[in-house]
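Listed below, chain by chain, are the residues.
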Amino acid sequence: MTDGEREVAGLVLAAGAGTRFGGPKGLARDETGVPWIVSACVTLRLAGVGRIGVVVGARGEEVGALVPEGAAVVCAPDWEAGVSASLRAGLAWAADLPAAVHALVVTLADLVGMPPAVVTAVMHDGVDSHVLRRAVYEGEPGHPVLLGRDSWAPTAAAVTGDKGAGAYLARAGVERVEVAHLWHGRDVDLQAARGVSDAAPGVNESDALTDSDGPLLP
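What counts and what doesn't
- Residues numbered from 1 in each chain as written.
- Predicted model: local features only at pLDDT ≥ 70, side-chain atom pairs only at ≥ 80, totals over all residues.
- Heavy atoms only, no water.
- Helix = DSSP H or I, 4+ residues; strand = E, 2+ residues; numbered from the N terminus.
- Buried < 20%, exposed > 50% of the residue type's maximum accessible area, 1.4 Å probe, protein only.
- Contact = heavy atoms within 4.5 Å.
- Areas by Shrake-Rupley, 256 points an atom, 1.4 Å probe, with all protein chains shown as cover.
- Salt bridge = Lys/Arg side-chain N within 4 Å of Asp/Glu carboxyl O.
- pLDDT = per-residue confidence, 0-100.
- Phe/Tyr/Trp six-rings, centres within 6.5 Å; stacked < 30°, edge-to-face > 60°.
- Expected span 1.5 Å × (residues − 1).
- Core = buried A, V, L, I, M, F, W, Y, C linked by side-chain atoms within 4.5 Å.

Attention shifts here to the overall build of the protein chain. Scanning the protein chain for helices and strands turns up seven helices and eight strands. Scored against the burial criterion, the 218 residues of the protein chain give a buried share of 55%. In the protein chain, the proportion of contacts linking residues at least 24 apart, taken out of those at least 6 apart, comes to 68%. Summed over all atoms, the accessible surface of the protein chain reaches about 8,700 Å², with 53% contributed by carbon and sulfur.

Written out as structure tokens, the structure reads:
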């Protein structure tokens with residue numbers, strides 16, 4: 001997506017081991033056999049996102065082989081250090097993109113069924129290097145999150161281990177975009193726990209969505 005000369009890149013986090021899920025979610029497929037990471041990339045593309053990176057870690061070669069053509073494989077060699085390693089790797093990748101990329105929209109591999117309209121809603125009100133926006137579902141924070149370039153270094157510095165960037169975003173005055181009318185916002189674990197389908201409406205009742213194994217941006 002471009003706003004004049006301002007481009008938005010996309011980041012899919014898929015590095016976790018998925019211990020609660022039973023394996024890396026980067027290897028998971030939907031009922032038709034389509035890998036979740038492919039669906040996530042398609043969602044970003046349909047929302048108008050141009051450059052896309054997919055962060056891999058656990059069984060990285062196998063997950064990387066599923067990344068669709070046109071998207072970059074971003075390796076997080078220290079993924080076992082916690083979910084923050086995935087985000088730091090993705091932000092480092094983004095930092096090497098051309099200066100025309102003013103913002104990065106971050107999503108998760110396991111938000112199966114999230115419609116492009118959710119991503120579009122988070123990006124709709126203009127983009128610059130200062131923007132900080134996140135989706136909320138009936139007031140509960142979720143994904144995607146839109147990070148302006150100026151926030152990439154502070155965000156990377158704020159996350160350690162499995163500690164997310166929510167406190168930093170709150171201090172920085174993140175704009176909250178209500179999208180519960182478009183989707184429920186639950187990751188696969190929450191959908192299964194609550195017995196809902198990927199299209200079901202409702203509230204994201206978790207404290208944080210996850211990058212497979214822990215909170216990312218609570």
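With that out of the way, let us pick up the pattern of salt bridges. The tally for this structure, following the rule as stated, stands at five salt bridges. Taking the shortest distance from any N to any O, the salt bridge between Glu7 and Arg51 comes out at 2.9 Å. In this pair, Glu7 is assigned in strand β2 (residues 6-14) and Arg51 in the loop between α1 (36-46) and β3 (52-56), connecting sequence segments 44 residues apart. The partner of Glu62 in a salt bridge is Arg59, and the shortest N-O contact between them spans 2.8 Å.

Attention now goes to α1. One turn of an α-helix holds 3.6 residues; hence residues three or four places apart share an orientation. All of the buried residues in α1 are Trp36, Ile37, Val38, Ala40, Cys41, Thr43 and Leu44. Of the residues flanking the end of α1, it is Gly48, one or two places downstream, whose phi is positive at about 100 degrees.

Time to look at the confidence of the model for the protein chain. When pLDDT is low, close inspection of the predicted coordinates is not appropriate. Looking at the protein chain, the pLDDT average stands at 87 and 84% of residues meet or exceed 70. For residues 193-218, every residue scores under 50 in pLDDT, and the model assigns this stretch 98 contacts once sequence neighbours within four places are set aside.

Throughout the structure, instances matching the rule amount to two aromatic pairs. When the ring of Phe21 is compared with that of Trp36, the centres are 5.3 Å apart and the planes differ by 50 degrees; the resulting orientation is tilted. Of this pair, Phe21 sits in the loop between β2 and α1 while Trp36 sits in helix α1; the two residues are 15 residues apart in sequence, bridging distant segments of the chain. Both rings, one in Tyr137 and one in Trp183, keep their centres 6.4 Å apart while their planes meet at 70 degrees; by these two values the pair is edge-to-face. Of this pair, Tyr137 sits in strand β6 (residues 132-137) while Trp183 is found in the loop between β8 (175-178) and α7 (188-194), placing the two residues 46 residues apart along the sequence. Here Tyr137 and Trp183 have matching classes, each one buried.

Below, the discussion takes up unusual backbone geometry. Most peptide bonds are trans, and most residues other than glycine sit at a negative phi. In this structure, the amide linkage connecting His143 to the following residue, Pro144, adopts the cis form with an omega of 10 degrees. Considering the arrangement of structural elements, one finds Pro144 in strand β7 (residues 140-148). Phi is positive for Arg59, close to 50 degrees, though the residue is something other than glycine. If you trace the backbone, Arg59 turns up in the loop between β3 and α2 (60-66).

What follows concerns helix α3 (residues 83-95). For α3, spanning 13 residues, the distance from its first C-alpha to its last is 19 Å, which sits close to the expected 18 Å at 1.5 Å a residue. Looking at the buried residues of α3, the elements they touch are β2, β3, β4 (72-75), β5 (101-108), β7 and α5 (152-158).

Here we take up the environment of Gly173. Examined against the element boundaries, Gly173 turns out to sit in the loop between α6 (166-171) and β8. On the basis of relative accessibility, which here comes to 51%, the residue Gly173 falls in the exposed class.

Counting 61 residues, the largest nonpolar core has Leu104 and Leu146 as its most contacted members. Apart from residues lying up to four places away in sequence, Leu146 is in contact with Val8, Ala103, Leu104, Val105, Val122, Met123, Val127, Val131, Leu132 and Arg133.

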